[in-house]
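Structure at a glance
Next come the chains, spelled out residue by residue.
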Amino acid sequence: MAVAGERVGAEVSAGGVGLRLAGAVVLSGIDVPAVGPGQVLGIAGGSGAGKTLLLEVLAGLRAPDSGRVAVRTPPGAPPGALRYGFVPQDDIVHRALPLRTALEYAARLRGTDLAHVPLVLAELGLTEQAGQPVRTLSGGQRKRASIAIELLSRPGLLFLDEPTSGLDPLAGAQLTEYLVRLAATGVTVVFTTHTPADLHRCDQVLFIAPNGRPGMSGTVAEVLRASPDGTFEALYAVAAAASTAAVTTAVTATVPQPEDGVDGVDEAEGANGADKAGGADGADVRALFVPATGRLRQWAVLTGRDLRLLRHDRLTAAITTGSPLIIIAMFALLFRPGVFDPDRPSPAASAMVLFWIAFGAFFFGLAYGLPQICGELAVLRRERRTVLRLGPYLLAKLTVLGPVLLLADALLLVVLRALDRLPAAELSVHASLFATTALASFAALALGLCCSALVSEPSQAALVLPLLCFPQVLFSGAFVPVPRMAAGGRWISVGMTNRWAFEALGSGAGLAELWRGGGAEGRALLVSYGDSFGRPACCGWVVLAGCAVVLLAAAWLVLRRRCPASAHRIGG
C-alpha cells in the first residue's frame with residue numbers, strides 16, 4: 001500500500017495509436033512496448049516523424065484518434081497517488097528569477113511542500129547554483145532545472161521531449177545518465193531523442209518511421225540486431241527507405257493488453273478526446289495529473305512571482321519606471337504654460353495637451369502589457385497543462401501592473417498641473433482627469449495583454465507596438481475631428497480607446513467652455529469638433545471600462561485556445 005507523499009510508479013504501453021492533424025495522418029498504428037517503474041524508453045526517429053506527438057499522446061495531453069494507451073499502477077495504490085511530469089523542449093523556468101526562487105513559486109502553485117525544493121536541487125546536482133538567476137546557467141543546467149520543476153510533485157511517470165537537444169555530447173551523456181539513475185528510484189521515464197548515443201542507456205527503444213509510420217522497437221540488443229551494421233545510426237536510413245510493411249516486420253515488442261481487475265488502465269477513443277477507465281477497477285485518468293490549487297491561492301502566488309520577476313529583471317524594471325518620466329519631461333518641454341488660462345486661452349494647444357495626455361496613458365498601458373505573456377509562453381503552456389487557471393493568471397498581471405499605471409498617470413497629471421500645463425480648477429476636475437487616464441491605461445493594458453497572447457515572442461510584440469499606436473493617433477479625433485472624418489474613419493474611431501479618452505478629458509476639463517472665450521480660433525474649433533466634448537466624461541468612462549473587459553475576455557479566450565488545459569486535470 002502506498003503512503004501519502006510516496007512516489008507511485010506505473011507501467012505505460014500503447015497499441016495501434018493513430019492521430020490526425022488538420023486532416024493529415026501524423027501517426028499511424030504505433031505500438032509502444034510496455035515500460036514500467038525503473039525502466040527507460042527512448043523514442044527515436046527523423047525530424048517530423050511524430051515523436052513529440054506520440055509523447056503527448058502517451059502523457060495524456062493529446063487524445064489519439066484510434067488505438068489505446070494503457071497505464072497500470074501497482075495494486076493497492078490510492079486514487080490520485082500517481083503523478084506525471086512532462087518536460088518540453090523549451091525551458092519552462094523564468095530566466096530572470098534565481099533558480100531556488102523559481103522552484104519555490106512552482107511548488108506553491110502546485111500546492112507542494114517547499115521542503116521538496118532543496119531535496120530536488122540536491123537530487124539534480126544544482127544546490128550550488130540555487131542562488132543564480134536561471135539565465136546564467138549552462139544549457140545542461142537549465143535542462144535539469146526544467147526537470148526539477150516536474151520532480152517537485154514526485155511523479156511516477158516522467159516524459160521528456162528531446163532533453164539532450166542542444167547540449168554538447170558530454171552534457172547530453174550526463175543528463176541521460178541522470179535519467180537512468182532517476183528511473184532506478186522507481187520512476188518510469190520516456191523521452192524522445194535525435195542522439196543515437198542516448199538510446200544505448202535505455203531499456204526499450206522505439207523507432208518511428210517517416211510520416212508517423214511504425215518502426216522497429218524492442219530492447220537495445222533486439223533493435224541493434226536488426227540494424228544493418230549493428231548501430232542505431234543505420235536504423236535512421238532503414239526507417240526512411242523501408243515501406244510500411246517492411247518496417248513493421250522488424251523486431252516489435254508485444255504490447256500487453258489490459259486485463260480485468262488491473263488498476264489505472266486508460267483508454268482514449270475517437271477524435272473527440274473522450275477518455276475512460278478500462279478494467280473492472282480502473283482508476284480515473286485524472287490521477288495522472290497534479291490537483292489544481294484554488295483560484296485565490298493561485299492569484300496570490302502568481303502575483304508574488306510577477307512582482308519578483310519585475311524586481312529581478314532590471315531592464316524591464318528600468319523601462320517600466322523610466323518611460324513615464326521621459327514622456328512627462330517631453331510633455332513639459334513641448335507645451336508652453338498657461339494654455340488653459342481663461343483670460344488668454346490657446347484653444348489649439350489645449351486640445352493637443354489633452355490628446356497627448358490621453359495618448360500617454362494609452363502608451364503606458366500598452367507598453368506594459370505587450371511583453372507580459374509572450375515572454376513566458378513556454379512556462380504558461382506547461383503550467384496550464386497541470387495546475388494553472390487563466391483567470392488568476394490575468395488577474396495577477398492586473399494586480400502587479402495596475403498600481404504602476406495609476407502611479408504613472410497620477411505623476412503625469414501632477415507634474416503638468418505644477419508646470420501650469422493643466423487648468424487651475426477644483427479637485428473634482430482633476431479627479432475626473434485622473435479617472436479618465438486610469439481607465440484609458442487599463443484599457444490599453446488589456447489590449448497589450450490580448451496582443452501579447454496572440455504573438456509568440458517579445459520581438460513580435462515590439463513590431464506590433466507601432467501598428468497599434470498609429471490608428472489610435474490618426475482616428476482619435478484630435479488631428480481630424482470626428483465630424484470631419486470620412487464615413488469609414490468615423491466607424492473606425494468608435495473602436496479607438498484614445499478617442500473616448502480624449503473626449504472624456506476634454507469634457508472633464510471644460511474644453512468647450514474654454515474655447516467659447518477663445519475668439520475666432522476657439523469658435524472655429526467648436527464648429528469643427530461639434531459635440532465631441534458635449535457628453536459627460538462618465539460616458540467615456542463606460543466605453544473605456546467596457547473595452548477593458550472585452551479585451552481581457554479576448555485575452556482569456558486566446559490563451560485558452562493557445563494553451564489548452566488537460567481535459568483530465570483535477571479541479572481544472
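What counts and what doesn't
Residues numbered from 1 in each chain as written. Predicted model: local features only at pLDDT ≥ 70, side-chain atom pairs only at ≥ 80, totals over all residues. Heavy atoms only, no water. Salt bridge = Lys/Arg side-chain N within 4 Å of Asp/Glu carboxyl O. Helix = DSSP H or I, 4+ residues; strand = E, 2+ residues; numbered from the N terminus. Buried < 20%, exposed > 50% of the residue type's maximum accessible area, 1.4 Å probe, protein only. Axes fitted to C-alpha atoms, helices over the stretch in contact; angles between N-to-C directions. Parallel < 35°, antiparallel > 145°, perpendicular 65-115°, else oblique. Left-handed = near helix turned anticlockwise from the far one by under 90°. Contact = heavy atoms within 4.5 Å. Nonpolar A, V, L, I, M, F, W, Y, C, P; charged D, E, K, R; others polar. Pairing = 2+ DSSP bridges. pLDDT = per-residue confidence, 0-100. Expected span 1.5 Å × (residues − 1). Core = buried A, V, L, I, M, F, W, Y, C linked by side-chain atoms within 4.5 Å. Phe/Tyr/Trp six-rings, centres within 6.5 Å; stacked < 30°, edge-to-face > 60°. Lys NZ or Arg CZ within 6 Å of the ring centre and 35° of its normal. Polar contact = N/O pair within 3.5 Å; in protein donor to acceptor, adjacent residues only side chain to side chain.

**With respect to the pattern of salt bridges**
Per the stated rule, a full pass over the model turns up 12 salt bridges. Between Arg72 and Glu11 there is a salt bridge, with its nearest N and O atoms 2.7 Å apart. Of this pair, Arg72 sits in strand S4 (residues 66-72) while Glu11 sits in strand S1 (residues 11-21); the two residues are 61 residues apart in sequence, bridging distant segments of the chain. In this structure, Arg201 engages Glu177 in a salt bridge whose closest nitrogen and oxygen atoms are separated by 3.5 Å. With Arg201 in the loop between helix H6 (196-199) and strand S8 (204-209) and Glu177 in helix H5 (residues 169-184), this residue pair connects regions lying 24 residues apart in the sequence. For Arg201, a relative accessible area of 29% corresponds to the partly exposed category. The class for Glu177 is partly exposed, based on a relative accessible area of 33%.

**Observations regarding the packing of helix H14 (residues 390-418) against helix H21 (residues 537-562)**
The contact between H14 and H21 brings their axes to 10 Å, and the two run at 130°. Relative to H21, H14 is oriented oblique. In this structure, the crossing between H14 and H21 has a hand that is right-handed. Between H14 and H21, the contacting residues are Leu390, Gly391, Tyr393, Leu394 and Leu398 on the first element and Leu552, Ala555, Trp556, Leu559 and Arg560 on the second. Broken down by class, the residue content of the contact of H14 with H21 amounts to 8 nonpolar, 1 polar and 1 charged.

**Some remarks on the sheet that holds S1**
Strands sit in the order S2-S1-S4 across an open sheet of 3 strands; the sheet is antiparallel. Each of the sheet's edge strands pairs with one partner strand only, and the pair in question is strand S2 (24-35) and S4. Between one strand axis and the next, the sheet turns through 15° on average, direction left out of account. With 6 bridges joining them, S1 and S2 adopt antiparallel strand pairing. Paired with Leu19 across the strands is Leu27, a residue of S2.

**Notes on the confidence of the model for the protein chain**
With 87% of its residues at a pLDDT of 70 or more, the protein chain shows a mean pLDDT of 84. Low pLDDT, under 50, characterises residues 1-5; the predicted model gives this stretch 6 contacts beyond four residues in sequence or across chains.

**Regarding helix H4 (residues 139-151)**
Compared with the 18 Å implied by 1.5 Å per residue over 13 residues, the 19 Å span of H4 between its first and last C-alpha is a close match. In terms of burial, H4 is a largely internal element, 11 of the 13 residues being buried. Within H4, burial applies to Gly140, Gln141, Arg142, Lys143, Ala145, Ser146, Ile147, Ala148, Ile149, Glu150 and Leu151.

**Quick look at the pairing of strand S9 (residues 213-218)**
Across the 6 residues that make up S9, a large majority, 6, are buried. Both S8 and S9 contribute to a ladder of 4 bridges, which runs antiparallel. In the sheet register, Ala209 faces S9, and the bridge partner there is Arg213. Taken together, S8 and the strand that follows it, S9, pair antiparallel across an intervening segment of 3 residues, in which Asn211 is found at a positive phi of about 65°.

**Digging into the nonpolar core**
Counting residues in each nonpolar core, the largest one holds 76 residues, and the members touching the most others are Leu354, Ile357, Ile373 and Leu422. For this core, the element with the most residues is helix H12 (residues 347-374), which contributes 16 residues. Look past the residues within four positions of Leu354 in its chain and what remains in contact with it is Phe340, Leu422, Phe502, Leu505, Gly506, Ala509 and Leu511. By size, the runner-up hydrophobic cluster in this structure holds 49 residues, among which are Ala96, Leu151, Leu158 and Val189.

**Description of the packing of aromatic side chains**
The geometry of two aromatic rings is summed up by the distance between their centres and the angle between their planes. The full count for this structure, using the stated rule, is 15 aromatic pairs. Each ring, one from Phe355 and one from Trp356, has its centre 4.7 Å from the other, and the planes form 70°; the classification is edge-to-face. For Phe355, a relative accessible area of 0% gives the class buried. Ring centres of Phe502 and Phe533 lie 5.4 Å apart, and the angle between their planes is 85°; this geometry places the pair in the edge-to-face category. Of the two residues, Phe502 is situated in helix H18 (residues 497-508) and Phe533 in the loop between helix H20 (519-529) and H21; the sequence distance between them amounts to 31 residues. Grouping residues by exposure puts Phe502 and Phe533 together as buried. An aromatic cluster of three or more residues is present, and its members are Phe355, Trp356, Phe359, Phe362, Phe363, Phe479, Phe502, Trp515, Tyr529 and Phe533. For the cation-ring pair, Arg108 lies above Tyr105, with the distance from its terminal atom to the ring centre recorded as 5.2 Å. The positively charged end of Arg499 is found above the aromatic ring belonging to Trp500, 4.3 Å away from the centroid.

**Structural notes on the side chain of Ser476**
With respect to the element layout, Ser476 can be found in the loop between helix H16 (458-474) and helix H17 (487-494). A polar atom in the side chain of Ser476 sits 3.1 Å from the backbone oxygen of Val473. A polar contact of 3.3 Å, which involves the side chain of Ser476, links it to the backbone nitrogen of Ala478. Those residues in contact with Ser476, other than ones at most four positions away along the chain, are Phe355, Pro471, Asn498, Arg499 and Phe502.

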